[in-house]
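# Results of the structural survey
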Amino acid sequence: MTDFITRNALRGAVAGLLLVPAWAAQAQQTRQEYLLTTDWKFTKGDVPDAARPDFKDAKWQTVQVPHDWAIYGPFSPQNDLQTVKIEQNNEKEATTKPGRTGGLLFVGTGWYRRRLPVPGFGAGQRAVLLFDGAMSDAHVFVNGKEVGAWPYGYNSFAVDITDAVKPGADNVLAVRLQNLPEASRWYPGAGLYRNVHLIVTSDVHIPVWGTYLTTPTITAEYARVKLRTKVQTPGNAFQPLRLETELRDAQGTVVARTSTQLTATDGQEFEQNLVVPRPRLWSPETPTLYAATSKLYAGDVLKDEYRTSFGIRSFSFEAGRGFVLNGQPRKFRGVCNHHDLGPLGAAVNVAALRRQLTLLKDLGCDAIRTTHNMPAPELVQLCDEMGFMLIVESFDEWKTPKVKNGYSRLFDEWAEKDLVSMVHRDRNHPSVIMWSIGNEVPDQWAPGGNKLARRLQDVVHREDPTRPVSAGMDQFDAVVNNGFAAVLDVPGFNYKPHRYPEAQQKLPQGMILGSETASTVSSRGVYKFPVEKAKDKRYPDNQSSSYDVEASNWSQTPDEEFAAQDDLPYTLGEFVWTGFDYLGEPWPYEGYWPSHSSYFGIIDLAGIPKDRFYLYRSRWNPSQPTLHLLPHWTWPGREGQSTPVFCYTNYPSAELFVNGVSQGRQTKGASDQPQTRYRLMWNDVKYQPGALKVVAYDAQGKAVAEQEVRTAGQPHHLRLVADRPTLAADGQDLAYVTVRVEDAQGNLCPSATHELQFKVQGAGRFRAVANGDPTNLEPFHQPRMHAFGGMLVATVQASDKTGAVQLQVSGKGLKPATLQLETRK
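Everything in this summary refers to the structure shown in the same document.

Rules used in this analysis
Along each chain, the written sequence defines residue order, and numbers are assigned to residues from 1. In keeping with the predicted nature of the model, local features appear solely for residues at pLDDT of at least 70, side-chain atom pairs appear and are counted solely at 80 or more, and the whole-chain, interface and lining totals rest on all residues. In computing side-chain values, all of the structure's heavy atoms are included and hydrogens and water are not. Accessible area is worked out with a 1.4 Å probe on protein chains only. A residue is then buried under 20% of its type maximum, exposed over 50%, and partly exposed in between. Labels follow the DSSP assignment, with helices taken as runs of H or I lasting at least four residues and strands as runs of E lasting at least two, numbered in each case from the N terminus. Strands qualify as paired when DSSP identifies two bridges or more between them. Working convention: axes come from line fits to C-alpha atoms, limited for helices to the stretch in contact. Angles between N-to-C directions cover 0 to 180 degrees. Note on contacts: a residue pair qualifies if any of its non-hydrogen atoms lie within 4.5 Å across the two residues. The aromatic pairing rule takes the rings of Phe, Tyr and Trp, using the six-membered ring of Trp, and pairs them if the centres are within 6.5 Å, calling planes under 30 degrees apart stacked, those over 60 edge-to-face and the rest tilted. Counted as over-ring charges are cases with an Arg CZ or a Lys NZ within 6 Å of the ring centre that also lie within 35 degrees of the ring normal. One side-chain nitrogen of Lys or Arg within 4 Å of one carboxyl oxygen of Asp or Glu is enough to make a salt bridge.

Of the two faces of strand 11 (residues 157–160), only one is covered, namely that formed by Phe-157 and Val-159; the face formed by Ala-158 and Asp-160 stays uncovered. Judged from the 4 bridges that link them, strand 8 (residues 125–131) and strand 11 form a sheet pairing that is antiparallel. Directly across from Val-128, in strand 11, lies its bridge partner Asp-160.

Within a sheet, adjacent strands bond to each other through the backbone by hydrogen bonds, running parallel or antiparallel. Strand order in the open sheet made by the 4 strands is 41-43-47-45, with antiparallel pairing throughout. Only two strands of the sheet have a single neighbouring strand rather than two, namely strand 41 (717–722) and strand 45 (764–770). Pairwise comparison of adjacent strand axes, ignoring direction, gives a mean angle of 30° for this sheet. By the bridge criterion, 6 bridges tie strand 41 to strand 43 (residues 734–742) in an arrangement that is antiparallel. When the bridges of strand 43 are listed, Arg-719 appears paired with Arg-740.

With respect to the helices, strands and loops of the structure, Gly-148 is situated in strand 10 (residues 145–150). Sequence separation between Gly-148 and Ala-138 is 10 residues; the distance between their C-alpha atoms is 8.2 Å. In this structure, Gly-148 is in contact with Ala-138, His-139, Val-140 and Val-159, ignoring residues within four places of it in sequence.

For the structure on display, the rule yields 41 aromatic pairs. Geometrically, the ring pair formed by Phe-315 and Phe-317 is edge-to-face, given 6.2 Å between the ring centres and 85° between the ring planes. By the burial criterion, Phe-315 is buried, and Phe-317 matches it. With 6.0 Å between their ring centres and 75° between their planes, Phe-529 and Tyr-547 make a pair best called edge-to-face. Residue Phe-529 is found in the loop between strand 30 (512–517) and strand 31 (534–535), and its partner Tyr-547 is found in the loop between strand 31 and strand 32 (550–551); the two are separated by 18 residues along the sequence. In this structure an aromatic cluster arises from ring pairing among Phe-315, Phe-317, Phe-323, Phe-332 and Phe-575. A cation over a ring is seen here: Arg-427 above Tyr-212, with NZ or CZ 4.0 Å from the ring centre.

With respect to the element layout, Ser-544 can be found in the loop between strand 31 and strand 32. Not counting the four nearest positions on each side in its chain, Ser-544 is found in contact with Val-521, Ser-522, Ser-523, Val-526, Glu-550, Pro-588, Tyr-589 and Tyr-599.

In terms of backbone geometry, most residues other than glycine have negative phi values and most peptide bonds are trans. Following Thr-371, the chain continues to His-372 via a peptide bond in cis, the omega torsion being -10°. With respect to the helices and strands, His-372 occurs in the loop between strand 25 (367–369) and helix 3 (377–386). Residue Thr-578 is bonded to the preceding Trp-577 through a cis peptide linkage, with omega at -5°. Within the fold, Thr-578 resides in the loop between strand 33 (571–577) and helix 10 (611–620). Of note, the phi angle at Glu-440 is positive, near 45°, even though the residue is not glycine. Of the residues examined, Glu-440 reaches a relative accessible area of 7% and is grouped as buried. Here the phi dihedral of Asp-536 falls at roughly 55°; this positive angle occurs in a residue that is not glycine. When its relative accessible area of 18% is taken as the criterion, Asp-536 is described as buried.

Let us now look at the pattern of salt bridges. All chains considered together, the criterion is met by 43 salt bridges. Across the pair Glu-416 and Arg-462 runs a salt bridge whose closest N-O atoms are separated by 3.0 Å. Of the two residues, Glu-416 is situated in helix 4 (residues 411–426) and Arg-462 in helix 5 (residues 449–463); the sequence distance between them amounts to 46 residues. Looking at Arg-462, the relative accessible area reads 48%, which means it is partly exposed. Two residues, Arg-677 and Asp-567, come together in a salt bridge whose shortest N-O distance is 3.0 Å. In this pair, Arg-677 sits in helix 11 (residues 674–678) while Asp-567 sits in helix 9 (residues 558–567), placing the two residues 110 residues apart along the sequence.

The structure is reproduced here in structure tokens:
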């Protein structure tokens, strides 16, 4: 894949364009890439003649791309109101479900327009627009001429606009998008929510996604690198071209080079083979990257330069051994994630993605399944850099619909095109370990479903034979008995740990992937009594208990999946539903307004870890100590009542104290019940105000750590904690500031719901705020919001100027707080 442009790229001289840093001065004359970020005009609604170059758009809203037109609200139960029976949720009859897709108005038509300077464009050049994603049904016009269209909003696509561009003229780009009602099961976003690139090259050039790099042989001494590079020439006529390629390591040192002549028998593709001595292998723990820089010459004239980032790693999926990376068996510690970024909506932002991945790293997560669609290219690149393995997923529907206007409308005409685009874009990334061709598609049990699976898998194999193909399957009996599961390279089962042994016995692959696991539900900081395991439990306040014992009817709590992964050697690991809460699918409160965002996340919609974060961390991150107590210890009116206490820890045992009085010592694995294998629980603790303390012991019985939670007093002040103090002065970078309502001694006030106000001054601006409450209807973009569980998170965006940024937060009856940040070039 061609190297994507980050937000701290150099500013170009052309208004509204962000110029790619030159790999070399000579290359800058042949290939130029611009991010089309600014000076866009937008309007909601279908507008006749909006594609015309002379259309007057001065009264339209000026926006910056990426842009999600729907995230600004307001929330309403009438937005995309669906009446449907969800078979995956074991529903027996259709019900009306307000909030199923987030309660935001993404349905409808929108237009984007902007001037399109094409610097220096003339004879012998090509111009291409690359859309990383456009939601949805994109129709692209240049100077009033439709130059391309792509219906699937999650996919990337390129449009050659050469014939529509007027050299030296003031060109106009217009994009029409339309989202249909009942087209999604979650919040999809709306608009040009991913980046748009303008790429100008010679007419002899390497096309978009024109390289395919593999590493067929890897040893400790060397790695063989095979690089296939497509070229395009006028009329695709043969020309005697030369391709010079250098491989560089992470420090920029050249480690291999070669020069290859294109002969008439090669067609329009070079094949080059290089050797990297003593390769440094890519893994989640050591995400080492290399780069191939290829220069295309016609005689002595440089025509193009193209950079391919890659990593060197070997992996296999082996019956009886499981998943093997660089010679070492391991199991996926993965999460499923939808694409929205909470209060930012679907509009992609590198800083927001990096923050999510940083939290997942601390969790101990090493893999992500991009449910249920192609991810933003920035996410894939960050996973390369930060060390996450990816299952890149394509579809939530095939031919048989789940929703009225879903992908089934497009499947026959577009499925192969969408798969090819997905694979070509991401197949050079070392983070991509597996492709997924679908999630819980109803074709699992439909006649001919296994043939469809074979057809889609064959398309993926044709474009990339180096990676296996999987799918998330939930209809166990159907897929095991009708041949559907047997078709897949790697069978992925959703929520079926109790049936893994049966699948292993009946299927030929010799391995089982937990492709979607543990749909446990919880609301951060909310605890319900009595504490008891339950399915689809609902309460009058539309919240779920953070004791992590409540799950969906089709699922289990985390402990059952833990046991299956530990006890069954043929399991490959798991992908938990989900890493983060997301907009839409508010189960178990679908249909119970005002619930409109999910309860499944390990981390809430604001990016604050729930208690469950520490349960997974205690298992997935053994190199760091985890010792976490729940619930909070501020329960006026519960004095003397049984208030169970849980401890999530990677120490084997711990002792609990209430006001200095021991409540006994618990040890993991004291029984064969899954919960006692992975949690320490004191179920009969009588609540008394004061101090709740846990002391952890190592395997030798030595006290090695402790944690204390104290009863909070009256709310007194605000405390601000930023995820980082310094931002890039690029107009896009973000700081996430956690705001805590505390008592005079600094204890979190867990029931505080004060309305807080935000003011940003200096070289930044207020961007958004979220509190993690799935029922909260306050708009994200207004500088005020009520706390939830005594906390919320404010987002500050850097300007393009250097200097100090000051965030002030205040609330009635609370001592205000101020935080200083800084922006730098």
